[in-house]
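Listed below are the residues making up each chain.
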Amino acid sequence: MSEINKVLAILGSTGSVGQQSVEIAKSLNLKVDLLTASSSVDLIEKQARELSPKVCVLTNERNASELKIKLADTNIKVFGGETSAIKAISESSADVAVNAVCGFAGLAPAISCAQSGKRIAMSNKEAIVTAYRFLKDEIAKNGAELIPVDSEHSAIFQCLQGRASNDIKRIILTSSGGPFRGRNVTELMNITAKDALAHPTWKMGAKITVDSASLMNKGFEVIEAVRLFEVSPNQVKVVVHPQSIMHSAVEYSDNSVIAQMGVPDMRTCIQYAITYPQRCNSLSKQLDFAGISSLTFEEPDMNTFELLSLAYYAIEKDGVIPAVLNASDEVAVQYFLNDKIGFTDIFKVVTKVVTSFVNIENPSLEEIVIADKEARIKTIEVINSIIK
Ligand code: MN
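Below, the structure is looked at part by part. Predicted model, so just to flag it, every value in this text is computed and none were measured. Residue positions within a chain follow its written sequence, with the count starting from 1. Local features in this predicted model are restricted to residues of pLDDT 70 or higher, and side-chain atom pairs are both shown and tallied only at a pLDDT of 80 or more, whereas totals for entire chains, interfaces and linings draw on every residue. The basis for every side-chain value is the complete set of non-hydrogen atoms in the structure, without hydrogens or water.

Okay, the nonpolar core next. Side-chain atoms within 4.5 Å link the members of a nonpolar core, which is a set of buried Ala, Val, Leu, Ile, Met, Phe, Trp, Tyr and Cys residues. For every residue, the accessible area obtained with a 1.4 Å probe (protein chains only) is divided by the maximum for its type, and the residue is called buried under 20%, exposed over 50%, and partly exposed between those limits. Counting residues in each nonpolar core, the largest one holds 126 residues, and the members touching the most others are Leu-135, Leu-325, Phe-343 and Ile-346. Only DSSP runs of H or I covering at least 4 residues are called helices, and only runs of E covering at least 2 are called strands; the numbering of each starts at the N terminus. Among the elements that take part in this core, helix H15 (residues 321-337) stands out by supplying 9 residues, more than any other. When residues of this core are sorted by domain, at least three fall in each of domain 1 (7-148) and domain 2 (180-258 + 299-387). In what follows, residue pairs with any heavy atoms lying within 4.5 Å of each other are defined as contacts. Setting aside anything within four residues of it in sequence, one finds Ile-346 in contact with Val-210, Leu-307, Asp-329, Ala-332, Val-333, Phe-336 and Ile-341. In this document the domain limits rely on a domain assignment from an automatic tool or a database.

Stacked, tilted and edge-to-face are the three classes applied to pairs of Phe, Tyr and Trp rings, where Trp contributes its six-membered ring and a pair requires centres within 6.5 Å; stacked means planes under 30 degrees apart, edge-to-face means over 60, and tilted covers the rest. Applying the stated criterion to the full structure yields 5 aromatic pairs. Between the aromatic rings of Tyr-272 and Tyr-276, the centroid separation amounts to 5.7 Å while the plane-to-plane angle is 70°, which identifies the pairing as edge-to-face. Assessed through its relative accessible area of 10%, Tyr-272 is described here as buried. For the pair Phe-336 and Phe-343, a centre-to-centre distance of 5.5 Å together with 55° between the ring planes defines the contact as tilted. Note on Phe-336: relative accessible area 1%, which makes it buried. Among the aromatic residues, ring-to-ring pairing joins Phe-180, Phe-336, Phe-343 and Phe-347 into one connected group.

The side chains of a regular strand alternate between both faces of the sheet. Among the 7 residues of strand E10 (residues 246-252), 7 are classified as buried, and the element is accordingly described as predominantly covered. Between any two strands, pairing holds if DSSP finds at least two bridges. In this sheet, E10 lies alongside strand E8 (residues 168-175) in antiparallel orientation, the contact comprising 4 bridges. Opposite Ile-172, over in E10, you have Ala-249 as the bridge partner. Bridging between E10 and strand E11 (residues 257-261) involves 5 bridges; their strand directions are antiparallel. In the strand pairing of E11, Glu-251 is matched with Val-257. A loop of 4 residues connects E10 with E11, the two strands running antiparallel in sequence, and Asn-255 in this loop sits at a positive phi of about 70°.

We now examine helix H2 (residues 41-51). Side chains three or four residues apart in an α-helix point the same way, a direct result of the helix having 3.6 residues per turn. Looking at H2, one finds that the buried residues are Val-41, Ile-44, Glu-45, Gln-47, Ala-48 and Leu-51. Projected down its long axis, H2 carries its buried residues within an arc of 165°, all on one side. On its buried face, H2 sits against helix H1 (16-27), strand E2 (31-37), strand E3 (55-58) and helix H3 (61-70). Here the arc refers to the set of directions running from the helix axis out to each C-beta atom.

So, about the sheet that holds strand E7 (residues 145-148). Pairing is parallel across the open sheet formed by 7 strands, whose spatial order is E4-E3-E2-E1-E5-E6-E7. Each edge of the sheet is formed by a strand with only one pairing partner; in this case those strands are strand E4 (77-80) and E7. Between one strand axis and the next, the sheet turns through 20° on average, direction left out of account. Relative to E3, E2 is paired through 4 bridges, and the arrangement is parallel. Only C-alpha atoms enter the line fits that serve as axes; for helices the fit covers just the stretch in contact. Angles between N-to-C directions range over 0 to 180 degrees.

Once that is clear, we can look at the packing of helix H5 (residues 107-115) against helix H6 (residues 126-141). With their axes 9 Å apart at the nearest point, H5 and H6 run at an angle of 15° to one another. Considered as vectors, H5 and H6 are oriented roughly parallel to each other. Both H5 and H6 take part in a crossing whose hand is right-handed. Contacts from Leu-107, Ala-110, Ile-111, Ala-114 and Gln-115 in H5 reach Ala-127, Ala-131, Leu-135, Glu-138 and Ile-139 in H6. Geometric relationships in this document are graded by angle, where less than 35 degrees denotes roughly parallel, more than 145 denotes roughly antiparallel, 65 to 115 denotes roughly perpendicular, and other angles denote oblique. Crossing handedness follows the turn of the near helix against the far one: under a right angle anticlockwise gives a left-handed crossing, and clockwise gives a right-handed one.

Moving on, we get to the coordination of the manganese ion. Donor atoms are limited to N, O and S found within 2.8 Å of the metal ion, a distance that becomes 3.2 Å for Na, K and Ca. With water left out, some sites might look partial. The coordination sphere of the manganese ion, as far as protein atoms go, consists of Asp-150 (OD), Glu-152 (OE) and Glu-221 (OE), spread over 2.0 to 2.1 Å. Along the chain, the residues donating to the manganese ion fall in the pattern D-x1-E-x68-E. One end of the pair, Asp-150, is in the loop between E7 and helix H7 (151-160); the other, Glu-221, is in helix H11 (residues 216-229), with 71 residues separating them in the sequence. The burial state of Asp-150 is the same as that of Glu-221; both residues are buried.

It is worth spelling out the side chain of Asp-345 at this point. Residue placement: Asp-345 occurs in helix H16 (residues 343-356). Judged by relative accessible area, which is 17%, Asp-345 ranks as buried.

The two faces of E3 match: Val-55 and Val-57 on one face and Cys-56 and Leu-58 on the other face are all buried. If the strands point away from the viewer and the path from the first strand over the helix to the second runs clockwise, then the crossover is right-handed. For the crossover from E2 across H2 to E3, the handedness is right-handed. Regarding topology, H3 serves as the crossover connection from E3 to the parallel E4, and that connection is right-handed.

Turning our eyes to something else, we now look at the sheet that holds strand E9 (residues 236-240). Taken together, 4 strands build an open sheet; the order of strands is E9-E8-E10-E11 and the sheet is mixed. Each edge of the open sheet carries a strand with a single partner, namely E9 and E11. On average, each strand axis in the sheet is inclined to that of its neighbour by 20°, with strand direction left out of account. Contacts from H7 reach E8, E10 and E11, with the element oriented near 40° to E10.

What follows concerns the pattern of salt bridges. Basic side-chain nitrogens of Lys or Arg form a salt bridge, by our definition, when they fall within 4 Å of a carboxyl oxygen of Asp or Glu. Under the definition given, this model contains 25 salt bridges. Ionic pairing is found between Asp-345 and Lys-348, a salt bridge with its closest N-O pair at 3.4 Å. Of this pair, Asp-345 and Lys-348 are both found in helix H16, 3 residues apart, which corresponds to roughly one turn of the helix.

Note that the residue after Tyr-276, namely Pro-277, is joined by a cis bond; omega there is 5°. Note on placement: Pro-277 falls in the loop between helix H12 (266-275) and helix H13 (289-292). With a phi close to 50°, Glu-230 is a non-glycine residue in the positive phi region. The topology assignment puts Glu-230 in the loop between H11 and E9.

Any functional reading would require information beyond the geometric quantities listed.
Written out as structure tokens, the structure reads:
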């Protein structure tokens, strides 16, 4: 097994991808110089004691004060607040930053990583969906690099192996179909947050698990693929593959398809983004082909799971619309998780907000941030109108 001499920063260390990144750091014996999270004091304390980073940041100030007391017997510096997190990123000497921050909040840390010339092992998809142009500019300007962590995009990245995107005929983006594959709208209406959180294959956080069940996640991934691999939306073909063994594929101009396979385990994708171009022993299991026995593929039901169609609409419109889609879904899913609205209400609410929003073409970063805020307000208004 080859030695990896890279210093790591883990942003969003207490979430699902963050925790798996900590496991990888331990298994590869990597030095970690920065951990950031929002508010989980006990978990980040445990991680800090295991990894001895120079700095820990909790964006929630009150929780940061608590952490500071808990870590008083160590040399670890503790800071609080989002500005401190950004400052810590820019001062960090890490070679690779795993960006596992949840939601639109992952954009500012991503830009800070780019500006400080780091490799971003990018798990946050919201920054790519909403404002990739700005991130890409900063990456190019500062000699930074982005390696996707999202399993499908990691697969596509691996299938491309440095080939130019103009060789691509289509990207085959696989989807497990979610736990409600095959159901119709009426059957989806009574689904509760608890039902939606029982995702069959990947181990993930609550928001993305709901997005996987609604296929909104797949929609975001279509947008992510369009942006990262510079293809047009009609070159991204979603295929439902319930076993989640083929993680995505690239079809070339000669109709050859190169796919990447493995057991569904995020640790493979996270680790590859860190160690690329090297490959190291992994914590994930080997594929047992005979044990799988069959791999199946089918068309996604884009009429029932209309948020997937809405994502194609959003990327065709582009401008601020992908940011509006992201913001509106983030709010609607939160209301669903709090049992305030039903599962199919997410579809209705988000579709209404996205299709009625006045677009701005070639928006500035500020205009994207404003659109994000406006979309959140609009979503709450639409929700209030259906709750009554
Ligand atoms: Mn994914």
